[in-house]
There are 2 protein chains.
Amino acid sequence: MLKIPDHQVAGHEARVGKLGPLIDDSGRFYKPLQSDKRGSEEVAFYESFSSNTEIPEHIRRFFPIFYGTKVMKASTGAEHPHIVLQDIASSRINPSVMDIKIGARTWAPESSEAYVAKCLRKDRESTSVPLGFRISGLRVYISDELGFYKPHRDAIRKAGPDDVKLLLRKFISSNPSAEMETDPDCSLASSVYGGPDGILAQLLELKAWFEDQTIYHFYACSILFMYEKGLALKGASSNAEVKLIDFAHVTEGRGVIDHNFLGGLCSLIRFLSDILKETTKFTVENGQVEPEESGLI
Amino acid sequence: MLKIPDHQVAGHEARVGKLGPLIDDSGRFYKPLQSDKRGSEEVAFYESFSSNTEIPEHIRRFFPIFYGTKVMKASTGAEHPHIVLQDIASSRINPSVMDIKIGARTWAPESSEAYVAKCLRKDRESTSVPLGFRISGLRVYISDELGFYKPHRDAIRKAGPDDVKLLLRKFISSNPSAEMETDPDCSLASSVYGGPDGILAQLLELKAWFEDQTIYHFYACSILFMYEKGLALKGASSNAEVKLIDFAHVTEGRGVIDHNFLGGLCSLIRFLSDILKETTKFTVENGQVEPEESGLI
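Keep in mind that what you see is a predicted model, and the values were worked out from it rather than measured.

Novice: With reference to specific residues and values, describe the nonpolar core.
Specialist: Of all hydrophobic cores here, the largest spans 138 residues; its most connected members are A:Leu168, A:Phe225, B:Leu168 and B:Phe225. Counting 10 residues, the second largest nonpolar core, distinct from the first, contains A:Cys119, B:Cys119, B:Leu120 and B:Val129.

Novice: Go over the interface of chain A and chain B, please, and point to the residues and values.
Specialist: The interface is formed by 28 residues belonging to chain A together with 28 residues belonging to chain B. The largest share of the area that chain A buries against chain B comes from A:Arg124, A:His259 and A:Arg270, three residues that together contribute 27% of it. Among the salt bridges present, the one from B:Arg124 reaches A:Glu113, with a minimum N-O distance of 3.2 Å. Scanning the region where chain A abuts chain B turns up 14 residue pairs in polar contact (both at pLDDT 80 or more). For the side of chain A that touches chain B, the elements supplying multiple residues, two or more each, are helix H3 (113–125), helix H4 (128–131) and helix H10 (259–279) of chain A. Of all the elements, H10(A) adds the most residues to the side of chain A that touches chain B, at 8 residues. Along the lines of polarity and charge, the residues of the side of chain A that touches chain B split into 13 nonpolar, 8 polar and 7 charged.

Novice: Which residues make up the relation of the copies chain A and chain B, and what values do they have?
Specialist: If you rotate chain A by 180 degrees and push it 0.0 Å along the axis, it lands on chain B with an RMSD of 0.0 Å. The relationship between the two copies is best expressed as a two-fold rotation axis. Closest approach to the rotation axis within chain A is made by the C-alpha atom of A:Gly263, at a distance of 2.3 Å.

Novice: Can you lay out the sheet that holds strand S4 (residues 79–86) of chain B for me, pointing to particular residues and giving the numbers?
Specialist: On the basis of which strands lie adjacent, the open sheet formed by 4 strands has the order S1-S2-S4-S3 (chain B) and antiparallel pairing. Both outer strands of the open sheet, strand S1 (22–23) and strand S3 (66–73) of chain B, are each paired with one neighbouring strand and no more.

Novice: Quick rundown of helix H1 (residues 37–51) of chain B? Include the residues and the values.
Specialist: Residue and element names in this part refer to chain B. The end-to-end C-alpha distance of H1, which contains 15 residues, comes to 21 Å, matching closely the 21 Å that a straight helix rising 1.5 Å per residue would cover. Within H1 the residues assigned to the buried category are Gly39, Glu42, Val43, Phe45, Tyr46 and Phe49. One face of H1 carries all of its buried residues, which in axial projection span an arc of 155 degrees. Summarising the geometry of H1, the exposed residues directed more than 90 degrees from the buried face are Lys37 and Ser51. Where H1 is buried, its residues meet strand S2 (28–32), helix H2 (57–60), S3, S4, strand S8 (216–218) and strand S11 (250–252).

Novice: Kindly report on the packing of aromatic side chains, identifying the contributing residues and their values.
Specialist: Any pair of aromatic rings gets described here by the distance separating the centres and the angle formed by the planes. A complete count under the given rule lists 48 aromatic pairs over all chains for this structure. With a centroid separation of 6.5 Å and 85 degrees between ring planes, the pair formed by A:Phe63 and A:Trp209 is classed as edge-to-face. Residue A:Phe63 is found in the loop between helix H2 (57–60) and strand S3 (66–73), and its partner A:Trp209 is found in helix H8 (residues 199–210); the two are separated by 146 residues along the sequence. A relative accessible area of 8% means that A:Trp209 is categorised as buried. Here B:Phe45 and B:Phe218 contribute two aromatic rings whose centre-to-centre distance is 5.7 Å and whose plane-to-plane angle is 80 degrees, an arrangement assigned as edge-to-face. With B:Phe45 in helix H1 and B:Phe218 in strand S8, this residue pair connects regions lying 173 residues apart in the sequence. One aromatic cluster is present, built from ring pairs that chain together A:Phe45, A:Tyr46, A:Phe49, A:Phe63, A:Phe66, A:Trp209, A:Phe210, A:Tyr216, A:Phe218, A:Phe247 and A:Phe261. The ring of B:Tyr67 carries B:Arg28 above its face, with NZ or CZ at 3.7 Å from the centroid. Between the NZ or CZ atom of B:Arg61 and the centre of the ring of B:Phe62, over which it lies, the distance is 4.6 Å.

Novice: Before we move on, could you go through the pattern of salt bridges and cite the residues and values that matter?
Specialist: Oppositely charged side chains can form a pair if their charged atoms are brought close together. Residue and element names in this part refer to chain A. Within this structure, the stated rule accounts for 34 salt bridges over all chains. Where glutamate 211 meets lysine 207, a salt bridge forms, and the shortest distance between an N and an O atom there is 3.4 Å. Classification of lysine 207 as buried rests on a relative accessible area of 12%. The class for glutamate 211 is partly exposed, based on a relative accessible area of 22%. Where salt bridges share partners, they join Arg92, Glu228, Glu241 and Lys243 into one cluster.

Novice: Provide a residue-level description of the packing of helix H8 (residues 199–210) of chain B against helix H10 (residues 259–279) of chain B, including the pertinent values.
Specialist: Residue and element names in this part refer to chain B. Between H8 and H10, whose axes approach to 10 Å, the crossing angle comes to 155 degrees. Our classification of the angle between H8 and H10 gives roughly antiparallel. Our pair here, H8 against H10, has a crossing hand that is left-handed. Along its contact with H8, which presents Ile199, Leu200, Leu203, Leu204, Leu206, Lys207 and Phe210, the element H10 presents Phe261, Leu262, Leu265, Cys266, Leu268, Ile269, Leu272, Ser273 and Leu276. Its residues assigned to classes, the contact of H8 with H10 shows 14 nonpolar, 1 polar and 1 charged.

Novice: I'd like a description of the sheet that holds strand S5 (residues 96–102) of chain B, backed by residues and values.
Specialist: All names here are of chain B. Read from one edge of the open sheet, 5 strands run S7-S6-S5-S9-S10, paired in antiparallel fashion. Looking along the sheet, the strands with just one partner apiece sit at the ends: strand S7 (147–149) and strand S10 (241–245). Neighbouring strand axes in the sheet, compared pairwise and without regard to direction, differ in orientation by 20 degrees on average. Of the strands in this sheet, S5, strand S6 (133–143), S7 and strand S9 (222–227) are in contact with helix H6 (residues 161–170), which crosses S6 at around 35 degrees.

Novice: Run through the pairing of S2(B), naming residues and quoting values.
Specialist: Sheet faces and side chains relate simply in a regular strand, where the side chains alternate between the two faces. All names here are of chain B. When you tally the buried positions in S2, you get 4 out of 5 residues, the bulk of the element. Counted along the chain from S1 to the antiparallel partner S2, the turn is 4 residues long, and its residue glycine 27 has a positive phi close to 85 degrees. Both S2 and S4 contribute to a ladder of 5 bridges, which runs antiparallel. Looking at S4, one finds that tyrosine 30 is bridged to valine 84.

Novice: Talk me through the side chain of A:Glu228; I want residue IDs and the actual numbers.
Specialist: Looking at the element boundaries, A:Glu228 is found in the loop between strand S9 (222–227) and helix H9 (229–233). Among the polar contacts listed, one links the side chain of A:Glu228 to the side chain of A:Arg92, at a separation of 3.4 Å.

Novice: An account of the pairing of S5(B) is requested, with residue identities and associated values reported.
Specialist: All names here are of chain B. Within S5, 7 of the 7 residues are buried, which leaves it mostly tucked inside the rest of the structure. Of the two faces of S5, the one carrying Ser96, Met98, Ile100 and Ile102 and the one carrying Val97, Asp99 and Lys101 are both buried. For S5 and S9, the ladder comprises 6 bridges, and the chain directions are antiparallel. The residue bridging serine 96 from the neighbouring strand is tyrosine 227, located in S9.

Novice: Help me get a handle on the state of the cysteines, residues and values and all.
Specialist: This structure, assessed with the given rule, holds 0 disulfides over all chains. Sulfur of B:Cys119: no disulfide; nearest cysteine sulfur belongs to B:Cys221 and is 14 Å away. With no disulfide of its own, B:Cys266 lies closest to A:Cys266 among cysteine sulfurs, the gap being 5.8 Å. A residue is classified by how much of its surface remains accessible, and B:Cys266, at 4% relative accessible area, is buried.

Novice: How would you explain the side chain of A:Ser111 if you had to name every residue and give the values?
Specialist: Its place among the elements puts A:Ser111 in the loop between strand S5 (96–102) and H3. A polar contact of 2.6 Å, which involves the side chain of A:Ser111, links it to the backbone oxygen of A:Ala108. Excluding its chain neighbours within four sequence positions, the residues that come into contact with A:Ser111 are A:Val116 and B:Arg124.

What counts and what doesn't
Residues numbered from 1 in each chain as written. Chains lettered and ligands numbered in written order. Predicted model: local features only at pLDDT ≥ 70, side-chain atom pairs only at ≥ 80, totals over all residues. Heavy atoms only, no water. Core = buried A, V, L, I, M, F, W, Y, C linked by side-chain atoms within 4.5 Å. Buried < 20%, exposed > 50% of the residue type's maximum accessible area, 1.4 Å probe, protein only. Contact = heavy atoms within 4.5 Å. Buried area = accessible area lost by both parts, 1.4 Å probe. Salt bridge = Lys/Arg side-chain N within 4 Å of Asp/Glu carboxyl O. Polar contact = N/O pair within 3.5 Å; in protein donor to acceptor, adjacent residues only side chain to side chain. Helix = DSSP H or I, 4+ residues; strand = E, 2+ residues; numbered from the N terminus. Nonpolar A, V, L, I, M, F, W, Y, C, P; charged D, E, K, R; others polar. Least-squares fit on C-alpha atoms with pLDDT ≥ 70 in both. Pairing = 2+ DSSP bridges. Expected span 1.5 Å × (residues − 1). Arc of directions from axis to C-beta. Phe/Tyr/Trp six-rings, centres within 6.5 Å; stacked < 30°, edge-to-face > 60°. Lys NZ or Arg CZ within 6 Å of the ring centre and 35° of its normal. Axes fitted to C-alpha atoms, helices over the stretch in contact; angles between N-to-C directions. Parallel < 35°, antiparallel > 145°, perpendicular 65-115°, else oblique. Left-handed = near helix turned anticlockwise from the far one by under 90°. Disulfide = S-S within 2.5 Å.

Right, dumping it as structure tokens:
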């Protein structure tokens with residue numbers, strides 16, 4: 001039983017007659033191969049990554065599991081090749097999701113002039129150049145009755161630095177709404193961004209790897225934040241999780257770190273640290289998320 | 001007694017009838033104000049930085065001391081305004097010097113279209129885009145008889161990633177030469193790049209600050225490496241020092257880290273770590289330069 005995933009917040013969406021990802025009941029996600037070289041390059045990345053023994057296990061968990069490719073009936077009804085991946089939201093109920101494209105630059109050095117010009121324009125018009133990342137989409141669970149707060153794509157596309165700051169706060173607030181432009185309550189900051197298993201701790205793990213790894217450069221790749229507000233409101237773990245997705249523009253690192261991704265990641269980490277500092281007792285010390293008191297011991 | 005400094009490896013050089021920096025006997029460096037807004041912006045940066053109480057002292061030492069501005073007889077013979085700075089090489093004998101422009105992007109977000117296009121071309125043609133930094137110039141002391149190894153500006157401008165790797169090794173070798181394209185001995189790696197006072201340790205201090213500071217963004221700014229081979233060969237400290245110079249394109253950080261500078265700095269750190277790992281017993285652990293043995297204790 002294939003269906004259209006409802007947790008997607010950015011990228012191509014399947015509709016009647018339109019090519020887009022599908023999911024099944026067994027926890028698999030089927031992403032149609034893009035017809036240009038992006039499709040084959042994403043497959044090439046997944047094949048390389050899944051067989052690369054230099055990737056530590058604690059890093060591998062940030063990537064969807066790859067199950068190969070499959071020609072199958074697409075959302076358009078026609079046969080089409082798909083990348084078969086783990087559906088990273090399959091075991092979740094009403095996940096809140098944010099998709100953040102990392103890096104001030106979304107084009108690889110060897111790209112064509114036309115592609116550089118196109119990406120550069122988008123990078124300058126969005127917050128990619130000023131902040132080192134841009135939000136591509138988000139949805140935040142409100143309640144079973146009210147559903148989700150999900151800003152319109154056009155609003156997200158026009159978001160400036162202050163809007164991004166606000167969206168990162170709305171994402172962990174009990175009361176997000178389109179109107180509210182000031183003072184989201186950030187009531188879930190400590191359970192989603194903070195703590196030893198929170199999003200910030202996971203980003204710091206990724207950062208340590210990016211300071212060292214020279215295997216891949218991840219252009220136009222996204223970091224996905226996911227958590228469950230339903231659980232968090234009950235006092236349970238928010239099940240906060242970070243995943244990397246979208247690898248159509250990954251290139252070989254050739255002995256050089258991915259300074260473009262790393263810089264953007266550090267900028268994002270700084271934004272989340274600020275929110276935690278202002279709203280909770282967590283603070284970042286020596287690359288670790290610590291309760292503030294620990295500094296006094 | 002004003003004279004033309006001989007330790008300069010990049011930027012404008014004073015010649016008869018040509019505007020360039022001068023030094024005096026009292027340890028001051030006179031940099032002619034550039035006539036466009038670059039001059040006034042560099043002065044504005046020095047004024048802001050020197051009076052900013054949020055700059056920690058251990059970071060302040062990476063910047064030349066600022067003594068104000070002065071209208072004086074320039075290297076051309078005419079009166080011209082100058083920025084008066086500490087001559088960071090005044091107490092040195094035959095310093096080996098390398099000038100590295102940091103950041104994949106040398107233009108600020110608010111730059112004009114023409115300026116962006118000009119910088120982007122240079123950034124793509126050089127190693128700025130692929131490596132996150134480019135070498136702007138260097139000179140390495142050989143001996144009193146042979147003087148300095150100083151590659152021609154054109155050769156430096158054309159340097160690709162492999163050339164940069166080689167120049168970073170030649171810089172701390174006893175035997176640099178234009179011909180030698182393989183296997184510089186890196187005999188001074190541990191005394192210049194390594195150790196608790198070496199260049200890598202200083203860069204790691206800078207990195208920690210750049211992960212946190214959101215006051216300034218340093219576009220087209222250079223990191224200068226300096227050391228004294230004469231001392232190192234005698235078994236004394238090489239007096240290795242890192243300085244930041246060239247602040248004509250510094251902008252306000254506005255609450256965002258300088259992810260462009262930080263990414264390039266991390267890339268440079270990775271290159272030096274590699275050289276140390278291959279040639280010495282030093283290794284980088286948890287943001288510190290450590291003798292490799294310490295991991296075994």
